[in-house]
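Residue-level structural notes
Chain by chain, the residues:
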Amino acid sequence: MARTVSTRRKLLVTALAWAIGLLIFFPILWTILTSFKTEGEAIALPPKFLFFDWTLENYGIVQERSDYLRFAMNSIMLALGSTFFALVIAIPSAWAMAFAPGRRTKDLLMWMLSTKMMPPVGALVPIYLIFRDFGLLDTRGGIITVLMLLNLPIIIWMLYTYFKEIPGEILEASRMDGASLGKELLYVLTPMAIPGIASTLLLNIILAWNEAFWTLSLTTKDAAPLTQFIASYSSPEGLFWAKLSAASTMAIAPILVLGWFAQKQLVRGLTFGAVK
Amino acid sequence: MKPVFTGVFGAFMFAALASTAIAETKLTIATVNNGDMIRMQGLTDDFTKANPDISLEWVTLEENVLREKVTTDIAAKGGQFDVLTIGTYEVPIWGKKGWLVPLTEVDDPGDLLPAIAGGLTVDGKLMAAPFYGESSMVMYRTDLMDKAGLKMPDAPTWEFIGQAARAMTDKAAETYGVCLRGKAGWGENMAFLTAMSNSFGARWFDENWKPQFDQPEWKATLDFYLSLMADAGPPGASSNGFNENLALFNSGKCGMWIDATVAASFVTGKESTVADKVGFALAPDNGLGKRGNWLWAWSLAIPAGTQKNDAAQKFVSWATSKHYTELVASKEGWANVPPGTRTSLYANPEYAKVPFAKMTLDSINSADPTKPTVKPVPYVGVQFVAIPEFAGIATTVGQIFSAALAGEKTADEALAEAQTTATREMTKAGYIK
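Residues numbered from 1 in each chain as written. Chains lettered and ligands numbered in written order. Predicted model: local features only at pLDDT ≥ 70, side-chain atom pairs only at ≥ 80, totals over all residues.

The next subject is the overall build of chain B. The secondary structure content of chain B amounts to 19 helices and ten strands. Taken against the 2.2 N^0.38 rule, which gives 22 Å for 433 residues, the C-alpha radius of gyration of chain B at 23 Å falls within 12% of a compact globule. Sequence-distant contacts in chain B: of pairs separated by 6 or more residues, those separated by 24 or more amount to 74%. (Helix = DSSP H or I, 4+ residues; strand = E, 2+ residues; numbered from the N terminus. Rg over C-alpha atoms; globule rule 2.2 N^0.38 Å. Contact = placed C-beta atoms within 7 Å.)

See below:
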């Protein structure tokens, strides 16, 4: 029996959702607004919200001082590259765990998750030394590998949850029809799990895009992504908040736009596996 | 589907491998993003024209990120950088470890300010060349000082600062007598408090590396600081660092601010609402022979792991030379010349016309990193102790003192806790037998 929800209640919940949404979005909004202020207005007390002299000079200075496109290109390559390779490994792994579990599958899943519990700085020196010896410092290949390994546990877990929802009988039927393992994965399982895979992909792109610790530690110039670009504008001795905000806005803009267009898919995918 | 997969895979592998190309004698320079360093990046044509076989690649980073990255790289001998911008804290430690190449081509080393050069020399060899030096001083509002009926001496005492701060405070009008650092960190509140404690006769360690927070000098320092901030400091001071205090001072909320000399150009700049009402004085003292000012320099050094030592030596020599100073002066005026490194700069009559030039020199000269305290100490460094363990210990102590400023603990509790922590860490590190 469907429950009727009163209009008042609907209004209340909507207002609450908007309030929480705005609260979460406020720091980003503030950054965007500050990027259009002069340095003086950026630190003005009390702060000015909308009524200030809007200017684009910060963007001009940032563009002049740094090669934004090179950093952005690296960010795109790292995010897409690490996501692509992670999916190539994660789809078969999640398939195996969902449809052919062994005695230790659950333990294996827990162990994979536990690797995320270690503070990354604990692994910095060994990884740095490996990178040095293999000549991987400041290369896209090296950092793509690290980002892929970093996000692999989350991807496998997410895909595992989606795959568990798919009835094993469908795969059995395809096997009865003579499909090989590769075909079963590619033509039967993957299309059915598209929403799940899509949201995993989007989430991983966002995680890889925002990753700062490893990208800052292992890259210098050739492979440096937008996190490095932002780090060159923050300063403990000098108020350059407007320029820093302009740099931050430029760094988050692509992922913000992607998130905006993909939000339907993202929400659907994220709720698909768990609730269905 | 298969060819698509292979194509995409191939594209990524190609992109991943394509990034490893290396150019000839390309120097990679790691630097902080302060105004002087950014200016230098715009003037490097002068160097590359004279040295066409050398090209420069800059990696500009925020100070803390830079320190972390450069430390990892030099400790692991990663060889990612050929020239490093490092602070006065790192030079003696890294020099002793053999991580830096001694500089052989520095332009007229005898001309470097002795206080600055002393902190960059290890076993008689210059390990880094100073690019820009700074100290700390008092910046105050002349109008508020007049209103309070007081006159700031050129070299004030802490007692006067306390009296003036309380007289200038009008909390109802959101005017606070003094703004001081309270944010936790070895380079934040502990830089200020360590320098301040020197003028109170305190020291971090005695000759046997025993922490001294249980001594009356440290108690006098912390008591004075806490009561001054309670009476005349802004609210929420425990989260204020350089930038927060600069914002407060520039918007007219602070009567006095004791901080880096580099701030002088900001508080008198176009972003300041009080630019025409600012006066300067030396950092305060207590008549014990030491002032509460620090000494810092950003210097250029060459890591032992570089393969391009000759080119790096040439660049460091150019960037820290008298010629570079003249280049900046000719293009951007004497006020924009990197301050605080050379005696000849302060002897130049053109530079003497720049406001706060003399105050900066006097402040730098009144600090001695090799004899920073009233009582003898086994370490080098004015607002820091040049041992690798210091950053960690001082950050913890900084958190304890910041909590005391926030009212979460008393001065006595904070000092006892600092003493316990420092003793434990120094014992663990093998300094205390």
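Across its full length, chain A holds 14 helices and zero strands. In sequence order, the secondary structure elements of chain A are arranged as α-α-α-α-α-α-α-α-α-α-α-α-α-α. Across its three principal axes, chain A shows a C-alpha extent of roughly 70 × 65 × 30 Å. Per-residue burial over chain A gives 36% buried out of 276 residues. (Buried ≥ 20, exposed ≤ 12 C-beta atoms within 10 Å, placed from the backbone.)

Chain B puts 35 residues into the contact, and the matching count from chain A is 35 residues. Contributing elements (two or more residues each) for the side of chain B that touches chain A: helix 1 (2-17), strand 2 (55-61), helix 4 (63-75) and helix 11 (242-250) of chain B. A per-class count over the side of chain B that touches chain A returns 15 nonpolar, 15 polar and five charged. (Nonpolar A, V, L, I, M, F, W, Y, C, P; charged D, E, K, R; others polar.)

Time to look at the environment of B:Pro234. Within the secondary structure layout, B:Pro234 lies in the loop between helix 10 (216-232) and helix 11. Ignoring any residue separated from it by four or fewer positions in sequence, one finds B:Pro234 in contact with B:Tyr176, B:Cys179, B:Leu248 and B:Lys253.

Residue and element names in this part refer to chain B. Residue-level pLDDT values for chain B average 90, and 94% of them are 70 or greater. Mean pLDDT across the elements of chain B ranges from a minimum in helix 1, with 52, to a maximum in helix 10, with 97. Low pLDDT, under 50, characterises residues 15-23; the stretch is placed with 13 contacts to residues that sit more than four places away or in other chains. Reported for the predicted complex are a pTM of 0.81 and an ipTM of 0.77. (pLDDT = per-residue confidence, 0-100.)

Turning our eyes to something else, we now look at the environment of B:Ser272. All names here are of chain B. Mapped onto the fold, Ser272 is located in the loop between helix 12 (263-267) and strand 9 (278-282). Here the alpha-carbon distance between Ser272 and Lys219, two residues 53 residues apart in the chain, equals 36 Å. Not counting residues within four places of it along the chain, the set of residues in contact with Ser272 comprises Asn250, Phe266 and Val267.

Further remarks concern the nonpolar core. One finds A:Ala94, A:Leu159, B:Val83, B:Met139 and B:Met256 to be the most contacted residues of the largest nonpolar core, which totals 194 residues. When residues of this core are assigned to their parent elements, the largest contribution, 14 residues, is made by helix 7 (residues 140-165) of chain A. Counting the residues that make up this core, at least three belong to each of domain 1 (25-134 + 295-360) and domain 2 (135-294 + 376-428) of chain B. Here B:Met139 is in contact with B:Phe249, B:Met256, B:Trp257, B:Ala263, B:Ala264, B:Val267, B:Val278 and B:Phe280, once residues within four sequence places are set aside. (Core = buried A, V, L, I, M, F, W, Y, C linked by C-beta atoms within 7 Å. Domains from an automatic or database assignment.)

This brings us to unusual backbone geometry. Note: most peptide bonds trans; most residues except glycine with negative phi. Look at A:Asp138: it is not a glycine, yet its phi comes out positive at around 60°. Relative to the helices and strands, A:Asp138 resides in the loop between helix 6 (124-133) and helix 7. Exposure remark for A:Asp138: the 21 C-beta atoms within 10 Å place this residue in the buried category. The residue B:Glu174 is not glycine, and still its phi comes out positive at about 55°. Counting through the fold element by element, B:Glu174 comes out in the loop between helix 8 (158-168) and strand 7 (176-179).

As a further point, take the domain arrangement of chain B. All names here are of chain B. Under the domain assignment, chain B is made up of domain 1 (25-134 + 295-360) and domain 2 (135-294 + 376-428). The C-alpha-based centres of domain 1 and domain 2 are spaced at 28 Å. Mapped by element, the contributors of at least two residues to the side of domain 1 that touches domain 2 are helix 5 (90-97), strand 10 (295-301) and helix 17 (357-365). In the side of domain 1 that touches domain 2, the residues fall into seven nonpolar, two polar and one charged.

A separate point is helix 4 (residues 68-99) of chain A. Spanning 32 residues, helix 4 of chain A covers 45 Å between terminal C-alpha atoms, matching the ideal 46 Å at 1.5 Å per step. Of all the bends in helix 4 of chain A, the greatest reaches close to 25° and is centred on A:Ala90; the proline A:Pro92 follows between one and four positions later. (Expected span 1.5 Å × (residues − 1). Bend = angle between axes of the 7 residues up to and from the residue.)

For the rest of this paragraph, the subject is the environment of A:Thr200. Residue and element names in this part refer to chain A. Here Thr200 shows up in helix 10 (residues 194-210). Here Thr200 falls in the buried class, since 29 other C-beta atoms lie within 10 Å of it. Expressed as a C-alpha distance, the spacing of Thr200 and Asp67, which sit 133 residues apart in the sequence, is 31 Å. Contacts of Thr200, omitting those with residues within four sequence positions, involve Ile155, Met158 and Leu159.

Residue and element names in this part refer to chain A. Contact geometry of helix 8 (residues 168-176) with helix 9 (residues 181-192) gives a least axis separation of 10 Å together with a crossing angle of 135°. By the angle between their axes, helix 8 is oblique relative to helix 9. When the axes of helix 8 and helix 9 are compared, the crossing they make is right-handed. Of the residues in helix 9, those in contact with Ile170, Leu171, Ser174 and Arg175 of helix 8 are Glu184, Val188 and Leu189. Split by residue class, the contact of helix 8 with helix 9 holds four nonpolar, one polar and two charged. (Axes fitted to C-alpha atoms, helices over the stretch in contact; angles between N-to-C directions. Parallel < 35°, antiparallel > 145°, perpendicular 65-115°, else oblique. Left-handed = near helix turned anticlockwise from the far one by under 90°.)

So, on to the packing of helix 4 of chain A against helix 7 of chain A. Residue and element names in this part refer to chain A. Taken N-terminus to C-terminus, the directions of helix 4 and helix 7 make an angle of 40°; their axes are 6 Å apart at the nearest point. When the interaxial angle is binned, helix 4 and helix 7 end up oblique. Relative to helix 7, the crossing made by helix 4 is right-handed. Looking at the contact of helix 4 with helix 7, its residues break down into 22 nonpolar, five polar and two charged.

This part takes up the pairing of strand 6 (residues 129-141) of chain B. All names here are of chain B. For strand 6, a buried count of 13 out of 13 residues is recorded, marking the element as mostly surrounded by other parts of the structure. With six bridges joining them, strand 6 and strand 10 adopt antiparallel strand pairing. Among the inter-strand pairings, Ala129 is bridged to a residue of strand 10, identified as Leu300. Strand direction decides the pairing type here: strand 6 and strand 8 (residues 254-260), joined by five bridges, are antiparallel. From the neighbouring strand, Tyr140 faces strand 8, where its bridge partner is Met256. As paired elements, strand 6 and strand 9 share five bridges and run antiparallel to each other. (Pairing = 2+ DSSP bridges.)

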